[in-house]
Amino acid sequence: MTAGLAPRDADREHARTVPERVVRRASELIGRTPLLELTRTGTGTRLLLKLEQFNPTGSAKVRMAREMVLHAERAGLLRPGGHIVEPTSGNTGTGLALIALERGYTFTAVVDGHAARDKLRAMRALGARLVFVDNGGSGGPSTVARRAKAAEIAAATGAYWPDQHNNPGNGAGYRGLAGELREDLGDIDCLIGAVGTGGSLCGTTEELRRHGSRVRTIGVEPTGSIIFGGPGRPYWQTGAGSPAGFDVGSNVDYRHIDEGCKVTDADAFATARVVARRTGLLVGGTAGAAIHVALRRLLRLRPGSTAVVLVCDAGEKYLDSVYDDDWLLERGLLDHLAHQRTKRLLTAYDDSVRLAAAERTGT
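The model shown is predicted, which means the values in this text are computed figures rather than measured ones. (Residues numbered from 1 in each chain as written. Predicted model: local features only at pLDDT ≥ 70, side-chain atom pairs only at ≥ 80, totals over all residues. Heavy atoms only, no water.)

Colleague: Account for the sheet that holds strand β5 (residues 129–132), naming residues and giving values.
Modeller: Judged by pairing direction, the sheet is parallel, and its three strands sit side by side in the order β3-β4-β5 without closing on themselves. Both edges of this open sheet fall to β3 (83–87) and β5, since each of them pairs with a single strand only. Within this sheet the neighbouring strands show an average axis-to-axis angle of 20°, counted without direction. Pairing between β3 and strand β4 (residues 106–111): five bridges, direction parallel. Along β4, the bridge assignment pairs Pro87 with Val110. Here helix α5 (residues 143–157) sits on the sheet in contact with β3, β4 and β5, set at roughly 165° to β3. (Pairing = 2+ DSSP bridges. Helix = DSSP H or I, 4+ residues; strand = E, 2+ residues; numbered from the N terminus. Axes fitted to C-alpha atoms, helices over the stretch in contact; angles between N-to-C directions. Contact = heavy atoms within 4.5 Å.)

Colleague: I'd like to hear about the sheet that holds strand β6 (residues 190–194), residue by residue, with values.
Modeller: On the basis of which strands lie adjacent, the open sheet formed by six strands has the order β1-β2-β9-β6-β7-β8 and mixed pairing. Looking at the sheet topology across the chains shown, the edges are occupied by β1 (35–40) and β8 (259–263). Ignoring which end each strand starts from, the neighbouring axes of this sheet average 25° apart. Direction of pairing for β1 relative to strand β2 (residues 46–51): antiparallel, over a ladder of five bridges. Paired with Thr39 across the bridge in β2 is Leu47.

Colleague: Residue-level account of the side chain of Asp265, with values.
Modeller: Relative to the helices and strands, Asp265 is located in helix α9 (residues 265–279). For the buried residue Asp265, which engages in no salt bridge, the nearest side chain bearing the opposite charge is Arg233, 7.9 Å off. Setting aside residues up to four positions removed in sequence, Asp265 forms contacts with Tyr235, Trp236, Gln237 and Leu333. (Buried < 20%, exposed > 50% of the residue type's maximum accessible area, 1.4 Å probe, protein only. Lys, Arg positive; Asp, Glu negative; His and termini not counted. Salt bridge = Lys/Arg side-chain N within 4 Å of Asp/Glu carboxyl O.)

Colleague: With reference to specific residues and values, describe the pairing of β6.
Modeller: Along β6, five of the five residues are buried, which leaves the element largely enclosed by surrounding structure. What you see with β6 is no split at all: Cys190, Ile192 and Ala194 on one side and Leu191 and Gly193 on the other are buried throughout. Across five bridges, the pairing between β6 and strand β7 (residues 216–222) is parallel. Looking at β7, one finds that Ala194 is bridged to Val220.

Colleague: Report on the packing of aromatic side chains, specifying residues and quantitative values.
Modeller: Applying the stated rule across the entire model yields three aromatic pairs. Each ring, one from Phe228 and one from Tyr254, has its centre 6.4 Å from the other, and the planes form 75°; the classification is edge-to-face. Pair noted here: Phe228 is in the loop between β7 and β8 and Tyr254 is in the loop between β7 and β8, with a separation of 26 residues, a long-range link. With a relative accessible area of 42%, Tyr254 lands in the partly exposed category. Three or more aromatic residues link up through ring pairs in this structure, and these residues are Trp236, Phe269 and Trp327. Between the NZ or CZ atom of Arg331 and the centre of the ring of Trp236, over which it lies, the distance is 4.8 Å. (Phe/Tyr/Trp six-rings, centres within 6.5 Å; stacked < 30°, edge-to-face > 60°. Lys NZ or Arg CZ within 6 Å of the ring centre and 35° of its normal.)

Shown next as structure tokens:
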């Protein structure tokens with residue numbers, strides 16, 4: 001008790017001296033997401049997950065949604081009470097829906113049936129209007145058709161179309177993420193992330209390198225995507241990749257991607273499911289793809305290295321797809337051998353740590 005004060009007065013005095021951690025808008029909660037060590041090797045190399053699902057809306061893309069809107073306001077492209085339209089597979093749309101409702105705009109999301117249903121529900125819950133386009137029964141994303149519809153709506157209504165694939169505010173939105181990595185880790189040796197619009201991986205890398213980092217970056221896309229070449233075909237990972245016929249946007253800056261990898265849907269989803277059973281955290285399918293690549297790169301890194309995977313969104317959005325056995329079986333994507341391969345690799349890393357410790361102690 002503070003000397004000379006009654007108990008209640010002492011409580012009030014304490015409350016005045018303790019800084020409150022209260023925000024007034026959900027967007028003020030963006031950033032400062034945690035890092036989780038998934039595994040390490042006997043050589044001291046570790047694999048960390050940057051858990052972007054702890055942002056509001058459960059995705060990294062709320063970072064760039066906010067920056068694109070602020071960029072438009074500064075440039076005079078958005079006026080009070082304005083209208084925003086954007087083609088989206090869900091996470092950018094949910095981020096734009098949040099920023100739009102906070103700043104007094106209406107938001108129309110152009111979507112297709114490839115998007116996770118919970119992402120569509122989330123956008124509606126935040127007040128977004130959804131306009132659907134047909135994917136022609138291909139099972140893949142309708143990126144080209146979505147963009148055509150967004151352009152049509154923008155021309156007809158005067159709505160502002162951020163165009164996340166080419167908007168400079170996209171990559172700029174991840175400067176804060178790079179700052180968090182620098183603050184928490186100093187520097188990192190390898191950064192791995194799924195590539196869709198390119199903003200998260202390229203924007204983060206550009207900012208890290210601007211501060212002198214020599215980080216090596218690995219971009220990951222679904223097998224069937226055309227970002228790193230090869231023929232296009234349908235895929236089920238949402239939020240990453242580009243389908244056949246799509247002009248890859250300027251935010252995929254190949255100067256900031258040292259290596260491009262493709263991962264099958266089966267391997268991506270199996271890895272996400274194994275990570276869930278190992279950590280108790282659900283991650284999205286594209287995060288599973290990035291972790292799949294990272295796990296196979298660890299032994300190539302010099303001893304004592306730090307590799308970071310950008311886990312771009314939460315797995316709770318995929319309970320009826322990535323984490324649903326029946327959904328996977330219907331599409332031929334439930335691969336038990338892929339699950340076992342990932343489990344064995346993680347077990348081997350665990351064993352290498354124990355063996356290294358035993359060698360050090362002579363036991």
